[in-house]
Amino acid sequence: MRTHRQKTVQITLTERCNLNCVYCYETNKSTDVMSFDVFREIVERAFEESCDCERVEFDFHGGEVGLVLDELTHYCEWLWSHKWPKPYRCFATTNGTLVHGKWQDWFARNSERICLGLSLDGTRDMHNMNRSDSYDKIDLQFFRRTWPRQGCKMTISPMTLPYLCEGVIHLYGLGFAVSANLAYGPKWDKRMLAVYERELVRLVEYFASRTDLKVPNLLDFPIERLGHMVLTGIDPEPRWCGCGRHMVCYSPRGRRYPCQMFMGSTGCSEAGLARIYELMQGKVPLDDPKCKECYLLGACPTCYGQNYIQTGDPCCRCSAMCDFRKLEAQA
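In what follows, the accompanying structure is described.

Analysis parameters
- Residues numbered from 1 in each chain as written.
- Predicted model: local features only at pLDDT ≥ 70, side-chain atom pairs only at ≥ 80, totals over all residues.
- Heavy atoms only, no water.
- Core = buried A, V, L, I, M, F, W, Y, C linked by side-chain atoms within 4.5 Å.
- Buried < 20%, exposed > 50% of the residue type's maximum accessible area, 1.4 Å probe, protein only.
- Contact = heavy atoms within 4.5 Å.
- Axes fitted to C-alpha atoms, helices over the stretch in contact; angles between N-to-C directions.
- Helix = DSSP H or I, 4+ residues; strand = E, 2+ residues; numbered from the N terminus.
- Nonpolar A, V, L, I, M, F, W, Y, C, P; charged D, E, K, R; others polar.
- Expected span 1.5 Å × (residues − 1).
- Parallel < 35°, antiparallel > 145°, perpendicular 65-115°, else oblique.
- Left-handed = near helix turned anticlockwise from the far one by under 90°.
- Pairing = 2+ DSSP bridges.
- Right-handed = clockwise from strand over helix to strand, strands pointing away.
- Phe/Tyr/Trp six-rings, centres within 6.5 Å; stacked < 30°, edge-to-face > 60°.
- Patch = residues over 30% accessible without salt bridge, like charges linked within 9 Å, V, L, I, M, F, W, Y side chains within 5 Å.
- Areas by Shrake-Rupley, 256 points an atom, 1.4 Å probe, with all protein chains shown as cover.
- Salt bridge = Lys/Arg side-chain N within 4 Å of Asp/Glu carboxyl O.
- Disulfide = S-S within 2.5 Å.

**Regarding the nonpolar core**
Then, number 1: Core analysis: the largest hydrophobic core is formed by 68 residues, its most contacted members being Phe58, Phe60 and Phe107.
Then, number 2: The contact partners of phenylalanine 58, leaving out residues within four places of it in the chain, are Val9, Ile11, Val43, Ala46, Phe47, Leu79, Tyr88, Arg89, Cys90 and Phe91.
Then, number 3: Tyr257, Cys259, Met263 and Leu286 belong to the second largest nonpolar core, which has 18 residues in total.

Laid out in structure tokens, this is it:
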């Protein structure tokens, strides 16, 4: 049996959020909060199903987990109080606006057992455009001090695209490494391509002169895999994530999905879930015929959940992003 490094278990404690981000793809949120009984069953099942993985990662999601910190801290302390058959780690994604006071004390005490990943969209103006004027509600130094090796997640909207390079440099100046991506929710017009190219060129010029810094992911396109599919006929990496296989997601009520993108909160239809599970479990190829001759195929990322939302088929890539991916490869 092949052993995989990690099984990722996404746990959606709540779908509620205290912000209204311009690119949010969760359009059908419930007010449910995951109960302790549901959480316990998820954890026990995760370890039972981890026989082909070296460790388990529990990723706590929202909505915004800051709204349910009483539950999050209680559930983590229960998890940590038991012995489990595999190593595991805990991670939570947050907008940071509610992590203050006693919660900072709790996370600081437990910083080696749980890590918070902060969503931060660039400069103050950029972040406020995207994320409900929330920049000054975040204690940035707390995150930087408590998890110095954890970067931040920067989402780029059409409104903030013209300031992309400035935003990345700003976050590096604060001490954060940056994982950035174009937002999935908005429509990306081809007229934005020239702006994206200009900003990527500026990033190339900046990081070429700053070899002391880790290159951001936008300049880390896996070029070693370019042409692999066309030249050999073999896809070097048939899937881009463990979605449905080594990744599983649970809703607040304990409903199981291949990943968070397939939950009802995103507007996904429940009718196709059986077929989606077949695809995700490798019973049906995930190929998109229209991409087969593309030289970038072996290196071009895709999100199966977004494919499903936009095209009705997790295998069918959204072609609107093709030219943007080409610019990333060029950069």
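From this point on, the discussion continues.
**Some points on the packing of helix H6 (residues 164-173) against helix H7 (residues 193-208)**
The relative placement of two packed helices comes down to the angle between their axes together with the axis-to-axis distance.
Then, number 1: In contact at an axis separation of 8 Å, H6 and H7 are set at 35° when each is read in the N-to-C sense. Between H6, through Leu164, Cys165, Glu166, Val168, Ile169 and Tyr172, and H7, the contact on the second element is made entirely by Tyr196, Glu199, Arg202, Leu203, Tyr206 and Phe207.
Then, number 2: A breakdown of the residues in the contact of H6 with H7 according to their chemical character gives 9 nonpolar, no polar and 3 charged.

**Comments concerning unusual backbone geometry**
Then, number 1: The residue after glycine 62, namely glycine 63, is reached through a cis peptide bond having omega 20°.
Then, number 2: Phi is positive for serine 132, which is not a glycine, with a value near 55°.
Then, number 3: Relative to the elements of secondary structure, serine 132 occurs in the loop between helix H4 (124-130) and helix H5 (140-146).
Then, number 4: Since its relative accessible area comes to 30%, serine 132 is described here as partly exposed.

**Description of helix H2 (residues 69-80)**
Then, number 1: If you check H2, its first and last C-alpha atoms are 16 Å apart, about what 12 residues at 1.5 Å a residue would give, namely 16 Å.
Then, number 2: For H2, the full list of buried residues reads Leu69, Leu72, Thr73, Tyr75, Cys76, Trp78, Leu79 and Trp80.
Then, number 3: Structurally, H2 contributes buried residues whose contacts are with helix H1 (36-48), strand S2 (53-61), strand S3 (88-94), helix H3 (102-109) and strand S4 (114-119).

**Section: the packing of H1 against H2**
Then, number 1: Relative orientation of the contacting elements H1 and H2 amounts to 40°, with a least axis distance of 11 Å. Taken together, the axes of H1 and H2 are oblique relative to one another. Here the hand of the crossing between H1 and H2 comes out right-handed. When H1 is examined against H2, the residues Phe36, Phe39, Arg40 and Val43 are found in contact with a partner set consisting of His74, Tyr75, Trp78 and Leu79.
Then, number 2: Its residues placed into classes, the contact of H1 with H2 shows 6 nonpolar, 1 polar and 1 charged.

**Looking at the pairing of S4**
Then, number 1: Counting buried positions along S4 gives 6 out of 6 residues, so the element sits mostly inside the fold.
Then, number 2: Of the two faces of S4, the one holding Ile114, Leu116 and Leu118 and the one holding Cys115, Gly117 and Ser119 are both buried throughout.
Then, number 3: Note: S3 against S4, 5 bridges, orientation parallel. Bridge pairing in S4 links cysteine 90 to isoleucine 114.

**Side note on the environment of cysteine 165**
Then, number 1: Relative to the helices and strands, cysteine 165 is located in helix H6.
Then, number 2: Overall, cysteine 165 belongs to the buried group, its relative accessible area being 8%.
Then, number 3: Separated by 35 residues in sequence, cysteine 165 and leucine 200 have C-alpha atoms that sit 7.2 Å apart.
Then, number 4: In this structure cysteine 165 touches Glu199, Arg202 and Leu203, once residues within four positions along its chain are discounted.

**Section: the pairing of strand S6 (residues 178-182)**
Then, number 1: Of the two faces of S6, only the one carrying Val178, Ala180 and Leu182 is buried; Ser179 and Asn181 on the other face are not.
Then, number 2: Here 5 bridges tie strand S5 (residues 152-156) to S6, and the two strands are oriented parallel to one another. Across the sheet, cysteine 152 pairs through a bridge with valine 178, a residue of S6.
Then, number 3: A crossover links S5 with its parallel partner S6, the connecting element being H6, and its sense is right-handed.

**Remarks on the packing of aromatic side chains**
What describes a pair of aromatic rings is the distance from one ring centre to the other and the angle between the planes of the rings.
Then, number 1: For the structure on display, the rule yields 21 aromatic pairs.
Then, number 2: Between tryptophan 188 and phenylalanine 324, the aromatic rings sit 5.8 Å apart at their centres with planes inclined by 65°, giving edge-to-face as the arrangement. With tryptophan 188 in the loop between S6 and H7 and phenylalanine 324 in helix H11 (residues 322-330), this residue pair connects regions lying 136 residues apart in the sequence.
Then, number 3: Residue tryptophan 188 is classed as buried on the basis of its relative accessible area, which comes to 6%.
Then, number 4: One aromatic cluster in this structure is built from Phe36, Phe39, Phe47, Phe58, Phe60, Tyr75, Trp78, Trp84 and Tyr88.

**Examining a nonpolar patch on the surface**
Then, number 1: On the surface, Val22, Met129, Met159 and Tyr163 cluster together into a nonpolar patch covering about 340 Å² of accessible area.
Then, number 2: Following the sequence through the fold, methionine 129 ends up in helix H4.

**Side note on the state of the cysteines**
Then, number 1: Summed over the entire model, instances satisfying the criterion amount to 0 disulfides.
Then, number 2: In this structure cysteine 165 is a free cysteine whose sulfur lies 15 Å from that of cysteine 152, the closest cysteine sulfur available.
Then, number 3: The thiol sulfur of cysteine 315 is not disulfide-bonded, and the nearest other cysteine sulfur, from cysteine 316, lies at 8.5 Å.
Then, number 4: Overall, the relative accessible area of 11% leaves cysteine 315 in the buried class.

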